[in-house]
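Letter by letter, the chains look like this.
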Amino acid sequence: MSAQSSADQGRIKHAVVRLAREVMELPGLRRVGKPMYRRYFSKPYEHGNLYYGIYRSYEDALLDAERLSSEVLPASYDLDQVTIMYRQQLNRLLPCDYPALYWIHQLIADGARRIFDLGGHVGLAYYGFGRYIDYPAGLIWNVHDLDKVLQAGRLLSARRDRSGQLRFVHIPEVADGCDVLISTGALQYLEYSLPELLDRLIAPPRHVLFNLTPLHATREFFTLQNLGVAVCPYRVQSDAALVQQMAERGYQIRDRWELPERHLRVPFEPDYEVNAYSGIYFERQRL
């Protein structure tokens, strides 16, 4: 079978599964459909990005993830398989990356030299942005992520980062005193929220920029995400509440953008849909 035929079959299977899931949500089938979907959700899924359930806290979501977990599909993202995911982004950017690239370029041009990359994987943004930005001498780009990812990042940087500007750190408090905090598609996986992290810092970064993040207009909740290799808690913050919390810490919005190519739909939970992911650049006002 050719690679194209295999890909076509995969897309057809994905479409059939999506149709079956939508049929199960019809009013007369919901009582039977939701338990069936839960069983399906708990299995490995090659396309990833399945969602299930609404939870009040990270702990509640994690507890249910552990009930669903098995040796095949654990309730943890700290896996060897994760270290090789997204490697294609080392050499190219996605369309959703360009707003963040623009602002990081501007901030570095204006003198920012200490970057903290929260959930930055093996340095995807550092390598990807570096194709368009000439990083100046003295730049330090710190990445914080899970242990296995950090180990893989160090091995990769030993081969690819001749400048030695890319560092991998185990604790998020290294953000203390940095010029810029950036996070791309990672805030939703953290046990703590962005404002909670800022509260732990003595000298919070002046610039905070996140991208590819699900924000609901009014609701704050957790769901579970099947990533194909694991089932993990997934945070969705209230847009209004997050902006208010950041304002209370001295941050004002400089720019924001929507990413309609990414959306979140939790089956059987129509009130919790996110139609487009978001990016926001906050600047802390000088005291």
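Refer to the structure printed above.
Everything numeric in this text was worked out from a predicted model, so none of it was measured.

Visitor: What is the right way to read the sheet that holds strand 1 (residues 50-55) from this model?
Guide: Backbone hydrogen bonds are what pair the strands of a sheet, in a parallel or an antiparallel way. Overall, mixed pairing links the four strands, which are arranged 1-8-9-7 in an open sheet. The open sheet is flanked by strand 1 and strand 7 (215-216), the only strands paired with a single partner. Note: strand 7 against strand 9 (residues 231-238), two bridges, orientation parallel. Residue pairing for strand 9: leucine 215 is matched across the bridge by glutamine 237. In the packing of helix 8 (residues 239-248) onto the sheet, contacts are made with strand 7 and strand 9, and the angle to strand 9 comes to roughly 70°.

Visitor: How should helix 4 (residues 98-109) be read in this particular structure?
Guide: Three or four residues apart is the spacing at which side chains of an α-helix point the same way, because the helix has 3.6 residues per turn. A rise of 1.5 Å per residue sets the reference length of helix 4, with its twelve residues, at 16 Å; its end C-alpha atoms lie 16 Å apart and thus fit the reference within 8%. Listing the buried residues of helix 4 in full gives Ala100, Leu101, Trp103, Ile104, Leu107 and Ile108. Residues of helix 4 that are buried make contact with helix 5 (124-129), strand 3 (140-144), strand 5 (180-184), strand 6 (207-213), strand 10 (251-259) and strand 11 (277-284). Downstream of helix 4 by a residue or two, glycine 111 has a phi angle that is positive, lying close to 115°.

Visitor: Explanation requested: the nonpolar core in the structure shown.
Guide: Generally speaking, nonpolar side chains in soluble globular proteins are found buried as a group. Core analysis: the largest hydrophobic core is formed by 44 residues, its most contacted members being Ile104, Phe129, Tyr135, Trp141, Ile182, Leu264 and Tyr277. Discounting chain neighbours no more than four positions away, the residues touching isoleucine 104 are Phe129, Ile133, Trp141, Val180 and Ile182.

Visitor: Just checking my understanding: could you explain the sheet that holds strand 6 for this structure?
Guide: What the seven strands build is an open sheet, ordered 4-3-2-5-6-11-10; its pairing is mixed. The outermost strands of the open sheet, each flanked by one partner alone, are strand 4 (166-169) and strand 10. Here the average twist between neighbouring strands, direction ignored, is 15°. Here strand 3 pairs with strand 4 via four bridges, running parallel. Paired with valine 143 across the strands is phenylalanine 168, a residue of strand 4. Helix-sheet contacts for helix 6 (residues 147-160) involve strand 3 and strand 4, and the interaxial angle to strand 4 is about 160°. Contacting strand 6, strand 10 and strand 11, helix 8 crosses the sheet at an angle of about 155° to strand 10.

The rules behind these values
- Residues numbered from 1 in each chain as written.
- Predicted model: local features only at pLDDT ≥ 70, side-chain atom pairs only at ≥ 80, totals over all residues.
- Heavy atoms only, no water.
- Pairing = 2+ DSSP bridges.
- Helix = DSSP H or I, 4+ residues; strand = E, 2+ residues; numbered from the N terminus.
- Contact = heavy atoms within 4.5 Å.
- Axes fitted to C-alpha atoms, helices over the stretch in contact; angles between N-to-C directions.
- Expected span 1.5 Å × (residues − 1).
- Buried < 20%, exposed > 50% of the residue type's maximum accessible area, 1.4 Å probe, protein only.
- Core = buried A, V, L, I, M, F, W, Y, C linked by side-chain atoms within 4.5 Å.

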